[in-house]
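Residue-level listing of the chains:
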Amino acid sequence: MLYVALQPGPAITWRTIGGILDFYVFLGPDPASVIGQYLEVVGYPTMPVYWALGYHLCRWGYGSSNATWDVVKNMRNYGIPQDVQWNDIDYMDRSLDFTFDPATFSTLPDMVKDLHSHGQRYVMMLDPGISSIQPEGEYWPYDEGLRRGVFINHTDGSTLIGKVWPGLTAFPDFSDDVTHEWWYDNLKRFHDKVPFDGLWIDMNEPSSFVDGSTVGCPDTELENPPYTPGILGGLLRAKTLCASAVQKTSSHYNMHSLYGLLEAKASACALKRMLGKRAFVISRSTFPSQGQYSGHWLGDNRSHWKDMYTSIAGMLTFNLLGVPLVGADVCGFSEQTEEELCVRWTQLGAFYPFTRNHNAIDQKPQDPPAFSPLARSAMKQSLLLRYSLFPLLYTLFHRAHTHGHTVARPLLFEFPKDVRTYGIDRQFLWGKSLMVTPVLDPGVDFVVGYFPQGLWYDYYTGDSIRSKGEELRLKAPLEHINLHLREGAVIPTQRPNTTLFVSSGQPLHLVSSLSEDGSAGGELFWDDGETSDTLETDQYAHIVFTVVKNTMTSEVLHDHVEASYITVETASFYGVKVEPTRVTVNSQDAAFTYRANQVPCVNVVVVLLHGEFSSHVINLSGISS
C-alpha cells in the first residue's frame, strides 16, 4: 500500500507499510518527452477502431429496446451524426450479465441488426459481479464459473459473495487465464443472440454494496494494516472485497488496483478473438497501461457548468497517463440538464477524444432531438464539425499509438517556456496545432482565450491573429465554438456525414496555416479503420504534406490500396499575403478564389493520394516570397 502526497514546496511525501518500490525517473527534457518516456515503460495506447471516434449516445433508463430504437431513428430523421448506440444496465433481465429482458428488450437483436444495416454500432454495459442466487442449472455464467473455479475466494476456499445490482454476486478472478477463457465463452454465447460491437465495463474497482463480503472479513493485518490512507469508509474493504480474499496470482490486497485493468485486458482480447477486428472497450476503473486495452469515461458527473469545466482537466490528465480515448458524459449524467448547458457541452464534447452523451434514469431525455430547433441545430453543427476533422483525429491517435504522443494536450506542452500557459485549464489543443476555446459559463456570447506568442488563424475564416502572448476576447454565439490554427500546420479534413463509415470515404480538404516564411507541414495516416496491427502488417498509407515557397507537395511515404479511395478535392492556404496570378495542380491550371483576408481557396479536381505519382504538387504562382 502506497500513499503519495504533494507538499506545498518542491517535495513529495511517500508513505508505505512495506513492499518493493521501483522508481523510474523520466528526464524529458520537455513535458511531452516525459509522457513518451513513461509510455515506453507502461506501453503505448492501442489504435482505436474508427467508429470509436464517432458520436455515442446512451442513457440509463430508456426502458425498452423500442424506446432506444426510436431515439436512433430520430437522430437519423434530423440528419444528426451518430455512430454508436449504447444501453445501460436496464437492458438486462433482472440485472443479470449476458442476458436481455425478454419483455421490454425483446426487439434488441432486431435493433442491433438495424444499426448494422445503417453502418452504426452497438455497445452494452457489463458488470463483473455474477449473480450467485439463480436456481442451479438456470444461469450458465455462474454454474460454469463454479465448475471452472474462476471466482475470487475467501481464505478457506469458499466463494466470496458480495452484492451488486442483481443481488448477491461472485466476482471473477481476472488474474487467472482460466477466467479469461470463461469470459470469452460467455461473451461469445451472448453475441450469438445479440451481435454487439463493444463493451462498457463498469463497477470494476471492484465495487460492492457491502463491505468486504456478506459474511464479513477475517481480522488480519491485511484487513487492518498499520496504516490506512484516507479512503472512503476508512477501511480497505469499504464497498469492495476483502483485502485477504484469494486470487490466483496473489491476495486481493496486492491485486485490488489491477482489477479493472485485467478485466479490460480479458474483454479486449475476447472481442478481438471473437470479431477478428480491433476491440472497443470503455472501463471505469483504470491502472497504468490501461490504454493498451481500453478507453475511459470520467465517471458519473452532474449536469452542472462546473462539471463541464472540470472535465477538461480530467480529459487532459488521462491523455498524460496514456489513455487518450477519454471523455466525460456530455450534458452531464445526474440531475436535469439545461438546454444552453447541453449545447455548450456538446460543442466541448465534440473535442473530447471519446464523445458520448449519457444521462441517468428518471431524468428527461438529453439527446439532441429532445431540444428546440435552435439547440438541435447547434448540436448537429458541432458534431458535423467533429466528423469533418476525423482524418486529423485519426492521425493523432496513430501518433499516440506509435510514439506515445497525447491526442488532447495542455497548451504548456507546446509552449513550455511560456509560464502563462502552465495554469490554463479552460483551453486545450488537439495535437500541436488546433486550439479549442469552449464556452464554459452560462449566459455569455463571448469567451476569453489565451494566445501564446506567434501567428494564429481562425479555423473557420482564416482571419489571422498575431499574438505577443496575450488574452483576447472572442465572439461566441450559441452556435459557435472557437477554434484556431497555429502557424505552420497542414491538417486534413473531410466532408462530414452522419456516420464515420460514410464520412471516411469523402474527399479531403487540406487546410494550411502558413508561418511568416510561408511554410507549413502535416500528415495523414490511413487504413481500413478496423483491422488489427495494420502498421505491423503494412496495411496502411502514410502521406506527408509540405508547403515551402508557394508550393505544396504531398509525398506518399507508405502506400496501400486504402489510399486509393481518398481524393483531395480542395485546399485552403491561410496567410498568403499577395493574390496568386495562377494556381496549378500537377502542372495543370486549377480554379481558385482569393479572399481579402489573405485566404486563397484552391479548387482541386480529384487528385489521388495513391497511384502512379509519388507526390502531388499545388503551386501558387505570382506570389512574392
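About the criteria used
Residues numbered from 1 in each chain as written. Predicted model: local features only at pLDDT ≥ 70, side-chain atom pairs only at ≥ 80, totals over all residues. Heavy atoms only, no water. Disulfide = S-S within 2.5 Å. Helix = DSSP H or I, 4+ residues; strand = E, 2+ residues; numbered from the N terminus. Domains from an automatic or database assignment. Buried area = accessible area lost by both parts, 1.4 Å probe. Salt bridge = Lys/Arg side-chain N within 4 Å of Asp/Glu carboxyl O. Polar contact = N/O pair within 3.5 Å; in protein donor to acceptor, adjacent residues only side chain to side chain. Buried < 20%, exposed > 50% of the residue type's maximum accessible area, 1.4 Å probe, protein only. Pairing = 2+ DSSP bridges. Right-handed = clockwise from strand over helix to strand, strands pointing away. Contact = heavy atoms within 4.5 Å. Axes fitted to C-alpha atoms, helices over the stretch in contact; angles between N-to-C directions. pLDDT = per-residue confidence, 0-100.

**Q** Teacher, can you tell me more about the state of the cysteines here?
**A** Each disulfide consists of one covalent bond between the sulfur atoms belonging to two cysteines. In this structure the tally under the stated criterion is 2 disulfides. Across a sulfur-sulfur distance of 2.0 Å, cysteine 217 and cysteine 242 are joined as a disulfide pair. Judged by the sign of its S-S torsion, about -85°, the cystine formed by cysteine 217 and cysteine 242 is left-handed. With cysteine 217 in the loop between strand 9 (198-201) and helix 6 (252-255) and cysteine 242 in the loop between strand 9 and helix 6, this pair connects stretches of sequence that are 25 residues apart. Note on cysteine connectivity: cysteine 331 is disulfide-linked to cysteine 342, with sulfurs 2.0 Å apart. Taking the sign of the torsion about the S-S bond as the criterion, the disulfide between cysteine 331 and cysteine 342, at about 85°, is right-handed. Here cysteine 342 lies in helix 9 (residues 339-349) and cysteine 331 lies in the loop between strand 13 (329-330) and helix 9, a separation of 11 residues in the sequence.

**Q** Would you take a moment to explain the domain arrangement of the chain for this structure?
**A** Accessible area lost on assembly of the parts is the figure often given for the size of an interface. Domain annotation for the chain reports domain 1 (50-403) and domain 2 (507-621). The gap between the C-alpha centroids of domain 1 and domain 2 is 39 Å. In total, about 1200 Å² of surface goes out of reach between domain 1 and domain 2, with carbon and sulfur atoms giving 56% of it. For the pair domain 1 and domain 2, the number of links is 4 salt bridges. Summed over the shared surface of domain 1 and domain 2, the number is 8 residue pairs in polar contact (both at pLDDT 80 or more). For the side of domain 1 that touches domain 2, the element with the highest residue contribution is helix 11 (residues 390-403), accounting for 8 residues.

**Q** Is there a simple way to think about the pairing of strand 4 (residues 84-87) in this case?
**A** Side-chain positions along a regular strand alternate between the two faces of the sheet. By the alternation rule, side chains of strand 4 split into Val84 and Trp86 and Gln85 and Asn87, which are all buried. Of the pairings in the sheet, the one linking strand 3 (residues 55-59) to strand 4 comprises 2 bridges and is parallel in character. Each bridged residue has a counterpart across the sheet, and for histidine 56 the counterpart in strand 4 is valine 84. Taking the sense of rotation as the criterion, the β-α-β connection linking strand 3, helix 2 (residues 65-77) and strand 4 turns out right-handed. For the crossover from strand 4 across helix 3 (residues 108-117) to strand 5 (residues 121-126), the handedness is right-handed.

**Q** Help me out: how do you make sense of the sheet that holds strand 5 in this one?
**A** Each strand in a sheet pairs with another by means of backbone hydrogen bonds, the pair being arranged parallel or else antiparallel. Taken together, 9 strands build an open sheet; the order of strands is 12-11-10-9-5-4-3-14-13 and the sheet is parallel. The strands lining the two open edges of the sheet, one partner per strand, are strand 12 (326-327) and strand 13. Bridge count between strand 9 and strand 10 (residues 281-283): 3 bridges; the pairing is parallel. The residue of strand 10 that forms the bridge with leucine 199 is valine 281. Here helix 3 sits on the sheet and contacts strand 4 and strand 5; the angle it forms with strand 5, its principal contact strand, is near 140°.

**Q** Which parts of the structure should I look at to understand the sheet that holds strand 7 (residues 162-164)?
**A** The sheet built from 3 strands is open, its strands ordered 6-8-7 with antiparallel pairing. Strands with a single pairing partner mark the edges of an open sheet, and in this sheet they are strand 6 (130-131) and strand 7. Pairing between strand 7 and strand 8 (residues 167-170): 3 bridges, direction antiparallel. What sits directly across from glycine 162, in strand 8, is threonine 169.

**Q** Hey, could you run me through the environment of tyrosine 91 in this one?
**A** Locating tyrosine 91 in the fold gives a position in the loop between strand 4 and helix 3. Among the residues examined, tyrosine 91 registers a relative accessible area of 0% and is labelled buried. If we ignore the near neighbours within four places in the chain, the residues touching tyrosine 91 are Thr99, Phe100, Asp101, Phe105, Leu108, Tyr122, Met124, Met125, Leu126 and Phe190. Within polar-contact distance, the side chain of tyrosine 91 engages the backbone oxygen of methionine 125 at 2.8 Å.

**Q** Which parts of the structure should I look at to understand the confidence of the model for the chain?
**A** Close inspection of predicted coordinates is inappropriate for parts of the model with low pLDDT. Here the chain averages 94 in pLDDT, and 97% of its residues register 70 or above. In the model, residues 610-615 has pLDDT below 50 throughout and makes 12 contacts with residues more than four positions away in sequence or in other chains.

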